[in-house]
Amino acid sequence: MIKLEKLTKIYPDGTQAVKEMGFEVKKGELCVFLGPSGCGKTTTMKMINRLIPITSGKIYIDGVDNTKIDESELRRNIGYAIQEIGLFTHMTVGQNIETVPALKGWDKTERRKRAEELLELVRMNPSDFIDKYPNELSGGQRQRVGVARALGADPPILLMDEPFGAIDPINRVELQSEFLKIQQKIKKTIIFVTHDIYEAIKMGDRIALMKEGKLVQYDTPANILYRPKDEFVEGFVGADRALKGLQLLRVKEVMTTDPPTAKVDDKVEAIRERMEQGGVDSLAVVEDDGKFMGWVGMSDLASGKVVKDIMTPSNTTFTINAVLNEALSVMLSSGLKALPVVSEDNRLEGVLTFDAIQTALHEAVQTGKKK
Amino acid sequence: MVEAWEFVARRPELLAEWVLAHLWIIFVAIVAAVILGVILGIYITGKGKEQIADTVLYLAEIMMTIPSLALFGLLMLLLSAVGLKAIGFLPAVIALIVYGQLPILRNTYTAIRAVDPSMIEAGKGMGMNERQILFKIKLPLAVPVIMAGLRNAIVLIIGIAAIAALIGAGGLGAPIFRGIRNARMDLIIIGGVSVSILALLVDGLMALVERRITPKGLRVG
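Everything quoted here is computed from the prediction, not taken from an experiment.

**Student:** Describe in detail the overall build of chain A, supporting the description with residues and values.
**Tutor:** Each helix and strand in chain A was counted, giving 17 helices and 18 strands. Dimensions of chain A along its principal axes, counting C-alpha atoms only, are 80 × 55 × 30 Å. With 371 residues in all, chain A has 40% of them scored as buried. Here the analysis covers contacts within chain A between residues at least 6 apart in sequence; of these, 63% occur between residues at least 24 apart.

**Student:** Hey, could you go over the overall build of chain B for me, with residue numbers and the actual values?
**Tutor:** For chain B, the helix and strand inventory stands at 9 helices and 0 strands. The secondary structure elements of chain B, listed N-terminal to C-terminal, are α-α-α-α-α-α-α-α-α. For chain B, the C-alpha atoms occupy an extent of roughly 70 × 45 × 25 Å along the three principal directions. Within the span of chain B, comprising 221 residues, buried residues form 36% of the whole.

**Student:** Any chance you could break down the interface of chain B and chain A for me, citing the residues and the numbers?
**Tutor:** Contacts between the two partners involve 17 residues from chain B, matched on the other side by 20 residues from chain A. Residue assignment for the side of chain B that touches chain A shows that the elements contributing at least two residues are helix H6 (117-125) and helix H7 (130-163) of chain B. When residues in the side of chain B that touches chain A are grouped by element, the largest group, 6 residues, is from H6 of chain B. Residue composition of the side of chain B that touches chain A, by class: 9 nonpolar, 5 polar and 3 charged.

**Student:** With reference to specific residues and values, describe the domain arrangement of chain A.
**Tutor:** All names here are of chain A. According to the domain assignment, chain A contains domain 1 (2-248) and domain 2 (251-361). Domain 1 and domain 2 are separated by 39 Å when their C-alpha centres are compared. In this assembly, 7 residues from domain 1 lie in contact with 6 residues from domain 2. Split by residue class, the side of domain 1 that touches domain 2 holds 3 nonpolar, 3 polar and 1 charged.

**Student:** Summarise the packing of helix H1 (residues 2-10) of chain B against helix H9 (residues 185-213) of chain B; cite the residues concerned and give the values.
**Tutor:** Residues and elements named next belong to chain B. One can describe the packing of H1 onto H9 by two numbers: an axis separation of 8 Å at closest approach and a directional angle of 75 degrees. In this view, H1 runs roughly perpendicular relative to H9, as classed from their interaxial angle. Residues Glu3, Ala4, Phe7 and Val8 of H1 pack against Met185, Asp186, Ile189 and Ile190 of H9. Looking at side-chain class alone, the contact of H1 with H9 contains 6 nonpolar, no polar and 2 charged residues.

**Student:** I'd like a description of the sheet that holds strand S13 (residues 282-286) of chain A, backed by residues and values.
**Tutor:** Residues and elements named next belong to chain A. One open sheet holds the 4 strands; their spatial order is S12-S13-S14-S15, and the pairing between them is mixed. Edge strands, defined here as strands with exactly one partner in the open sheet, are strand S12 (261-262) and strand S15 (312-313). Sheet topology places S12 next to S13; 2 bridges connect them, and they run parallel. Along S13, the bridge assignment pairs alanine 262 with valine 285.

**Student:** Can you lay out the confidence of the model for chain B for me, pointing to particular residues and giving the numbers?
**Tutor:** Residue and element names in this part refer to chain B. For chain B, the average pLDDT comes to 88, and 99% of its residues sit at 70 or higher. The secondary-structure element of chain B with the lowest mean pLDDT is H1, recorded at 81, while H6 shows the highest, at 94. Confidence metrics for the complex model read pTM 0.77 and ipTM 0.79.

**Student:** Residue-level account of helix H1 (residues 41-48) of chain A, with values.
**Tutor:** All names here are of chain A. Counted residue by residue, H1 has 6 buried out of 8 residues, so it is predominantly covered. Taken residue by residue, H1 has Lys41, Thr42, Thr43, Thr44, Met47 and Ile48 as its buried positions. Once H1 ends, the next one or two residues include arginine 50, with phi positive near 60 degrees.

**Student:** Tell me about the sheet that holds strand S7 (residues 157-161) of chain A, and name the residues and values.
**Tutor:** Residue and element names in this part refer to chain A. Reading across the sheet, the 6 strands line up as S6-S7-S8-S3-S9-S10 and stay open at both edges, with mixed pairing between neighbours. Where the open sheet ends on each side, the last strands, each with one partner, are strand S6 (78-82) and strand S10 (214-219). Across the sheet, the mean angle from the axis of one strand to that of its neighbour is 15 degrees, orientation sign disregarded. Across 5 bridges, strand S3 (residues 30-34) lies against strand S8 (residues 189-194) in parallel orientation. Within S8, the position partnered with valine 32 by the bridge is phenylalanine 192.

**Student:** Which residues make up the nonpolar core, and what values go with them?
**Tutor:** Counting residues in each nonpolar core, the largest one holds 153 residues, and the members touching the most others are Leu96 and Ile157 of chain B. If you tally residues by element for this core, the top one is H7 of chain B, at 14 residues. The residue makeup of this core includes at least three contributed by each of domain 1 (2-248) and domain 2 (251-361) of chain A. Discounting chain neighbours no more than four positions away, the residues touching leucine 96 of chain B are Ile25, Ile26, Ala29, Ile157, Ile160 and Ala161 of chain B.

**Student:** Account for unusual backbone geometry, naming residues and giving values.
**Tutor:** A positive phi angle, close to 45 degrees, is found at glutamate 212 of chain A, a residue other than glycine. As for its position among the elements, glutamate 212 of chain A is in the loop between strand S9 (206-211) and S10.

**Student:** Kindly report on the environment of proline 155 of chain A, identifying the contributing residues and their values.
**Tutor:** Residues and elements named next belong to chain A. Inspection of the secondary structure assignment puts proline 155 in the loop between helix H7 (139-150) and S7. With 33 residues separating them along the chain, proline 155 and lysine 188 place their C-alpha atoms 8.0 Å apart. Every residue in contact with proline 155, bar those within four places of it in the chain, is listed here: Asn77, Ile78 and Gly79.

**Student:** So what about the pairing of S9 of chain A? Which residues, and what values?
**Tutor:** All names here are of chain A. Here S3 runs beside S9; their pairing, made up of 4 bridges, is parallel. Considered in S9, the bridge of valine 32 is made with isoleucine 207. Of the strand pairs in this sheet, S9 and S10 are connected by 5 bridges, and their pairing is antiparallel. Bridge pairing in S10 links leucine 209 to glutamine 217.

**Student:** Tell me about the environment of valine 285 of chain A, and name the residues and values.
**Tutor:** Residue and element names in this part refer to chain A. Tracing the backbone through its elements, the reader meets valine 285 in strand S13. Look at valine 285 and you get buried, because 25 C-beta atoms sit within 10 Å. Spatially, the C-alpha atom of valine 285 lies 25 Å from that of glutamine 358, the residues being 73 residues apart in sequence. Once you skip the residues sitting within four places of it in the chain, valine 285 turns out to touch Thr261, Ala262, Val264, Met293, Gly294, Trp295, Val296, Val307 and Met311.

Analysis parameters
- Residues numbered from 1 in each chain as written.
- Chains lettered and ligands numbered in written order.
- Predicted model: local features only at pLDDT ≥ 70, side-chain atom pairs only at ≥ 80, totals over all residues.
- Helix = DSSP H or I, 4+ residues; strand = E, 2+ residues; numbered from the N terminus.
- Buried ≥ 20, exposed ≤ 12 C-beta atoms within 10 Å, placed from the backbone.
- Contact = placed C-beta atoms within 7 Å.
- Nonpolar A, V, L, I, M, F, W, Y, C, P; charged D, E, K, R; others polar.
- Domains from an automatic or database assignment.
- Axes fitted to C-alpha atoms, helices over the stretch in contact; angles between N-to-C directions.
- Parallel < 35°, antiparallel > 145°, perpendicular 65-115°, else oblique.
- Pairing = 2+ DSSP bridges.
- pLDDT = per-residue confidence, 0-100.
- Core = buried A, V, L, I, M, F, W, Y, C linked by C-beta atoms within 7 Å.

So this is what it looks like as structure tokens:
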């Protein structure tokens with residue numbers, strides 16, 4: 001889809017920003033350009049939509065040399081989102097999102113419909129937001145509108161230059177997860193620039209790790225983490241690779257499936273037996289249709305006769321597609337030893353425990369080393 | 001004061017004539033000053049024109065320091081040298097255009113330069129050409145500041161236009177100078193008060209226009 005060939009950028013003052021960069025980004029993949037500042041990642045990205053002219057080498061988009069495409073035409077077919085967002089403050093949210101469709105000459109109703117669709121996609125209620133101005137939005141909302149605007153005319157390619165960089169860490173994690181969900185739906189070919197290795201590991205199908213204008217390693221996040229090509233990569237990944245690996249794993253890959261459960265009408269004796277059999281000191285309580293309700297613990301068993309009287313209701317749950325490090329941090333901060341994992345409709349699918357996480361991480365490091 | 005009021009009551013058509021003449025001069029001068037100032041202001045924000053911008057703004061500043069009487073005199077000499085009518089409407093309008101330049105030019109220049117570069121980059125990245133960036137992003141964003149400069153220029157021009165009566169351009173300067181020559185306080189008051197009222201009225205009108213054309217997202221409060 002996007003192929004770089006011996007791509008080189010030398011600025012008029014002689015600085016060599018990008019040196020003979022070459023690799024290919026496959027259709028539908030999210031490729032992260034990662035590296036310390038000054039490594040050439042942003043320059044490389046901006047040569048794709050020709051915001052920065054190429055010194056030598058080629059960029060092919062779907063096999064076509066990008067310098068052979070009309071500049072405006074090229075850019076209107078490549079979505080573009082930047083860190084500062086750059087929303088037009090004198091235009092409404094709707095008008096901002098409609099920028100590229102308007103440039104392409106779509107008619108008014110079609111544009112408006114598209115803006116509404118995109119607001120839905122980034123989980124903002126169209127009727128609440130479409131006529132608001134950017135200065136009436138929060139930072140996170142602006143970022144969402146920025147992403148929606150980049151998707152304006154449904155371009156096959158998206159360039160994102162640290163799109164979540166200006167957001168506080170908590171909202172950033174949320175936006176990242178949301179964007180990954182969106183990407184599962186839209187399947188765009190995405191170039192995502194960041195200097196944050198956590199973000200790179202979480203977001204990327206592939207990572208292009210760069211240093212001083214050169215490509216050092218182009219690989220999957222797991223291979224970058226566990227099979228670093230050289231000392232630079234190893235240093236960049238850092239000593240806590242096992243912790244970073246948490247982001248590569250989904251809750252569903254680590255959880256214990258088919259955990260023993262309890263129903264509200266179960267008798268205490270039956271529960272005690274089930275706990276002893278399973279070697280656990282608490283059970284998840286579920287409704288008849290499998291919906292999660294709460295917990296019943298071994299120490300509670302003495303205080304009543306049926307589960308209904310002694311259970312602790314809870315609504316702290318995690319969905320099966322959540323990233324492991326987020327689940328772990330909830331476990332650590334809430335003090336829960338086990339986390340119920342539920343499907344989208346809140347049915348219990350499994351239970352996540354510290355032991356399971358430890359085993360999964362150990363395996364990941366071992367298999368990574370063996371490969 | 002009473003005499004001035006009596007004069008107005010006796011000869012309202014004279015006052016109307018002065019006011020109309022005054023309005024006509026400032027109208028022509030302002031329209032020309034805006035067109036010239038905004039176009040020039042946009043032009044000097046272009047790439048690699050920093051040197052030209054400095055020079056142009058410097059010149060405009062110098063023009064402001066020339067006393068208006070001296071400028072009228074200078075223009076009379078220049079115009080007669082090229083064979084144009086050296087007194088009356090033409091030199092008056094030219095002088096007023098010159099005076100109006102600095103606030104309009106400087107505000108246009110500053111406002112366009114102050115547009116957040118991330119918006120321009122976003123525009124470019126989405127495939128806008130230079131023209132679209134100017135008309136869809138830079139100018140709408142610069143409007144409030146340009147309007148502030150315009151209002152400055154207008155108040156300035158209305159005042160200076162009174163002096164243009166000395167070179168035979170008529171307007172509200174006429175009763176003032178006639179009053180000074182003949183020690184007629186009523187005429188001085190009529191001219192002076194009218195100029196002030198005119199300035200206030202036009203400025204108020206411009207404030208309304210400014211509110212209308214400022215994009216909603218940029219309004220404060």
